[in-house]
Amino acid sequence: MTRLLDALRILLGAIMPVTAVRYFLPPLLPFLPAAQWEDPMAQRLMASFDRSGLLAVAKFIHLAGGALLLANRAVPFALAALMPVNVCGLVISLFIEADPLISLLAVLTVALNGLLMVAYLPFYRAVIEPGRVADGERAEDGQNYESLFARPFSRAPLTAC
């Protein structure tokens, strides 16, 4: 099982930097076709992302996350950083562009990322465990986020809100 997870990690780690290099340095990978957006809304959205610099940020996250996955360093962090970017790509490809091939690749990428995150679930335990307090908070009512905002019927004093 470990070999399979390592192979999947390396596969995702190899895909992410290739997409980033294709964006930043297209002459290095001339054999890979550039993304062609057919839908006018997808063209406008991607042009806006490119002009605002958000596409470059997403591609940098792909580059850094892929490098971390390939190097087997900070893998849970890399997977958590890649997931929102990959989900945004999935939404664009499924609902805006609706190209079957691009949508299938996006679904497979998000599924691979999610599968690896499930495999590394023990590393996320401290983040998803209920009742944890953040830095600077205390466990008493009115002294942490959960008692002030997430539980409106808690016994926290109104002055603390």
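Conventions adopted
- Residues numbered from 1 in each chain as written.
- Predicted model: local features only at pLDDT ≥ 70, side-chain atom pairs only at ≥ 80, totals over all residues.
- Heavy atoms only, no water.
- Phe/Tyr/Trp six-rings, centres within 6.5 Å; stacked < 30°, edge-to-face > 60°.
- Buried < 20%, exposed > 50% of the residue type's maximum accessible area, 1.4 Å probe, protein only.
- Helix = DSSP H or I, 4+ residues; strand = E, 2+ residues; numbered from the N terminus.
- Expected span 1.5 Å × (residues − 1).
- Polar contact = N/O pair within 3.5 Å; in protein donor to acceptor, adjacent residues only side chain to side chain.
- pLDDT = per-residue confidence, 0-100.
- Axes fitted to C-alpha atoms, helices over the stretch in contact; angles between N-to-C directions.
- Left-handed = near helix turned anticlockwise from the far one by under 90°.
- Contact = heavy atoms within 4.5 Å.
- Nonpolar A, V, L, I, M, F, W, Y, C, P; charged D, E, K, R; others polar.
- Salt bridge = Lys/Arg side-chain N within 4 Å of Asp/Glu carboxyl O.

Draft legend 1. Fine view of the packing of aromatic side chains. On inspection of all chains with the given rule, the structure shows 2 aromatic pairs. Residues Y23 and F24 carry aromatic rings whose centres are separated by 5.1 Å and whose planes lie at 75° to one another, so their mutual orientation is edge-to-face. Taking 5.8 Å as the distance between ring centres and 40° as the angle between the ring planes, the aromatic pair formed by Y120 and F123 counts as tilted. Taking relative accessible area as the criterion, Y120 reaches 17% and is therefore assigned buried.

Draft legend 2. Broad picture of helix α2 (residues 40-52). The end-to-end C-alpha distance of α2, which contains 13 residues, comes to 18 Å, matching closely the 18 Å that a straight helix rising 1.5 Å per residue would cover. Sitting at the amino-terminal end of α2 is D39, which places a side-chain oxygen 3.1 Å from the backbone nitrogen of M41. In the stretch just after α2, G53 is the one whose phi turns positive, near 90°.

Draft legend 3. Representation of the confidence of the model for the protein chain. Taken over all residues, the pLDDT of the protein chain has a mean of 85, while the share at 70 or more is 91%. Confidence, read as mean pLDDT per element, is least for helix α7 (residues 145-150) in the protein chain (70) and greatest for helix α3 (residues 54-71) (94).

Draft legend 4. Region of interest: the packing of helix α1 (residues 2-24) against α3. The interhelical angle for the contact between α1 and α3, taken along N-to-C directions, is 145°, at an axis separation of 7 Å. Note that α1 runs across α3; the crossing there is left-handed. Residues R9, I10, L12, G13, A14, M16, P17, T19, A20, V21, Y23 and F24 of α1 lie in contact with α3, whose contacting residues are L55, A56, K59, F60, H62, L63, G66, A67, L69 and L70. Counted by class, the contact of α1 with α3 contains 16 nonpolar, 4 polar and 2 charged residues.

Draft legend 5. Up close: the pattern of salt bridges. Per the stated rule, a full pass over the model turns up 2 salt bridges. The partner of R9 in a salt bridge is D6, and the shortest N-O contact between them spans 3.5 Å. One end of the pair is R9 and the other is D6, both in helix α1 and 3 residues apart, which spans about a single turn. The class for D6 is partly exposed, based on a relative accessible area of 28%.

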